[in-house]
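Tertiary structure, described
Residue-level listing of the chains:
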Amino acid sequence: MTTVRTPPPPRLPVRDKAEARDRAWGGVSPMLTRLAAERATGVLVRERGTLHLAEGRVVHAESPLAPGLDVLLTAHGTLDADTWNQAAAEADGAPGAGLLLAGRGRLTRGALELCHLEALYDAAYFALAPSSSPGRFRYTGAGRLGAVHPVTVAALEHETLRRRDLLHRIWPDPATDEAPLLHCDTLAAPGLTARQRAVLHLVDGVRAAPDIARRLGRPAFHTLVDVRRLAAAGVVTRDPAATPGPTTRGTPTPLEVRGPARPSDAAMTDPLRVADPDITLLKRLRDALESL
């Protein structure tokens, strides 16, 4: 009997999920998406923050509402302020100062990358918020700031939208995000975490969430998570006499309108729970900061 051998069928192509996601992504900022496609290098200035790009990737972000890399590195003793200030005077910008210190052995590369990513995502969350004025882009020379850990525009915008959705699920009213905070007249606060108690201790009718984040040396977004949970529990509220800030005016309404979720919801347990290498780094940084 003659045996007929047929060649095995060709292997089906395996789709690169990350690449497909990037191709399908429309972005929260059309200008930023276009700059990424152009592999542009320069500075994108928006109403509430600034993004620095190198060959279409984001290498640094700044916002007056988010503590910078210097605060995250010096607040808990990783570096002393004098060491940072000296490096900042020699380098051009925070990433350059961090790279300089890492090169001198004053800071490990891992700690620098973790804090840099946290500061970048934190500032970008505010910089990419809806604004009443268009952004402006200024082309610059390559490598001016130095790149610690570049982030793709698609990854940055996906994370920004995830953070918006997370805050909405905790408590859909953004009024407490930037206004001065007040204690509510509650007989007894529910069981609070150590992080929430630290935030509550600084609520004085004058400080807003970004001010509290800077005093604690924590990322502003993590503080917003704590503040919204405290607001959802009826522990804090915003000063009714304060003028609503940009967040209150400009936060978009998600497609699905949901009521406030309880802080114990499984989805809210880990505000950095997502299968992304950069976010995994951020989670490690959060755990490291909490252990200090």
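Structure's up top.
The notes below deal with the structure included here.

About the thresholds
- Residues numbered from 1 in each chain as written.
- Predicted model: local features only at pLDDT ≥ 70, side-chain atom pairs only at ≥ 80, totals over all residues.
- Heavy atoms only, no water.
- Helix = DSSP H or I, 4+ residues; strand = E, 2+ residues; numbered from the N terminus.
- Buried < 20%, exposed > 50% of the residue type's maximum accessible area, 1.4 Å probe, protein only.
- Contact = heavy atoms within 4.5 Å.
- Areas by Shrake-Rupley, 256 points an atom, 1.4 Å probe, with all protein chains shown as cover.
- Phe/Tyr/Trp six-rings, centres within 6.5 Å; stacked < 30°, edge-to-face > 60°.
- Lys NZ or Arg CZ within 6 Å of the ring centre and 35° of its normal.
- Pairing = 2+ DSSP bridges.
- Axes fitted to C-alpha atoms, helices over the stretch in contact; angles between N-to-C directions.
- Parallel < 35°, antiparallel > 145°, perpendicular 65-115°, else oblique.
- Left-handed = near helix turned anticlockwise from the far one by under 90°.
- Nonpolar A, V, L, I, M, F, W, Y, C, P; charged D, E, K, R; others polar.
- Salt bridge = Lys/Arg side-chain N within 4 Å of Asp/Glu carboxyl O.
- Core = buried A, V, L, I, M, F, W, Y, C linked by side-chain atoms within 4.5 Å.

**Comments concerning the overall build of the protein**
A tally of helices and strands in the protein yields 13 helices and six strands. Every one of the 292 residues in the protein was classed for burial, and the buried ones make up 47%. By sequence separation, contacts in the protein at least 24 residues apart represent 75% of the contacts at least 6 residues apart. With the model as given, the accessible surface of the protein reaches about 15000 Å², and the carbon-plus-sulfur share is 55%.

**Quick notes on the packing of aromatic side chains**
In this structure the tally under the stated criterion is three aromatic pairs. Taken together, Y125, F126 and F221 form an aromatic cluster joined through their ring pairs. Note that R163 overlies the ring of F221, its terminal NZ or CZ placed 4.6 Å from the centroid.

**A closer look at the pairing of strand β3 (residues 57-62)**
Where strand β2 (residues 49-54) lies against β3, five bridges are found, and the strand directions are antiparallel. Bridge assignment links L51 to a residue of β3, and that residue is A61. Between β2 and β3, which pair antiparallel and follow one another directly, the connecting turn spans two residues, one of which, E55, has a positive phi of 50°.

**Quick look at the side chain of R228**
Note that R228 resides in helix α10 (residues 220-232). If sequence neighbours within four positions are ignored, R228 has contacts with L167, H168, I170, W171, P172, D173, P174 and D177.

**Here we look at the packing of helix α6 (residues 109-127) against helix α7 (residues 153-170)**
Two elements in contact, α6 and α7, have axes whose closest approach is 10 Å; the angle formed by their N-to-C orientations is 65°. Judged on the interaxial angle alone, α7 and α6 are roughly perpendicular. The chirality of how α6 crosses α7 is right-handed. For the pair α6 and α7, the contacting residues are E118, L120, Y121, D122, A124 and Y125 in the first and A155, L156, E159, T160, R163, R164 and L167 in the second. When grouped by side-chain class, the residues that make up the contact of α6 with α7 number seven nonpolar, one polar and five charged.

**Digging into helix α5 (residues 94-103)**
Residues P95, G96, A97, G98, L101 and A102 constitute the buried set of α5. Lining the buried residues of α5 we find β3, α4 (81-90) and α6. Phi turns positive one or two residues past the end of α5, at G105, with a value near 80°.

**Some details on the sheet that holds strand β4 (residues 136-139)**
Across the sheet, four strands lie side by side as β3-β2-β1-β4; this open sheet has antiparallel pairing. Both outer strands of the open sheet, β3 and β4, are each paired with one neighbouring strand and no more. Within the sheet, the average angular offset between the axes of one strand and its neighbour, ignoring direction, is 20°. The strands touched by helix α2 (residues 30-38) are β1 (42-46), β2 and β4; relative to β4, the strand with the most contacts, the crossing angle is about 20°.

**Focus: the pattern of salt bridges**
Taken as a whole and assessed by the stated rule, the structure comprises 12 salt bridges. Here R169 makes a salt bridge to D165, at a shortest N to O gap of 3.0 Å. With R169 and D165 both in helix α7 and four residues apart, the pair spans about one turn of that helix. When its relative accessible area of 24% is taken as the criterion, R169 is described as partly exposed. Note that D177 and R228 form a salt bridge whose closest N and O atoms lie 2.7 Å from each other. On the criterion of sequence distance, the pair formed by D177 in the loop between α7 and β5 (181-183) and R228 in helix α10 is long-range, its members being 51 residues apart. In terms of burial, D177 and R228 fall into one category: buried.

**Some thoughts on the nonpolar core**
The biggest cluster of nonpolar side chains holds 46 residues, and the ones touching the most others in it are L51 and L156. Sorting the residues of this core by element identifies α2, β2, β3, α6, α7, α8 (194-201), α9 (209-216) and α10 as the ones contributing at least two each. Considering every element that reaches this core, the biggest residue donor is α6, with eight residues. In contact with L156, other than residues within four places in its own chain, are V58, L120, Y121, A124, L128 and V151. One finds L72, L101, L107 and C115 within the second-largest nonpolar core, a separate group that totals 15 residues.

**Comments concerning the pairing of β1**
In regular strands, side chains alternate between the two faces of the sheet. Among the five residues of β1, four are classified as buried, and the element is accordingly described as predominantly covered. By the bridge criterion, five bridges tie β1 to β2 in an arrangement that is antiparallel. Residue R46 lies in a different strand from β2, and its bridge partner there is G49. Hairpin connection of β1 to β2: two residues between the antiparallel strands.

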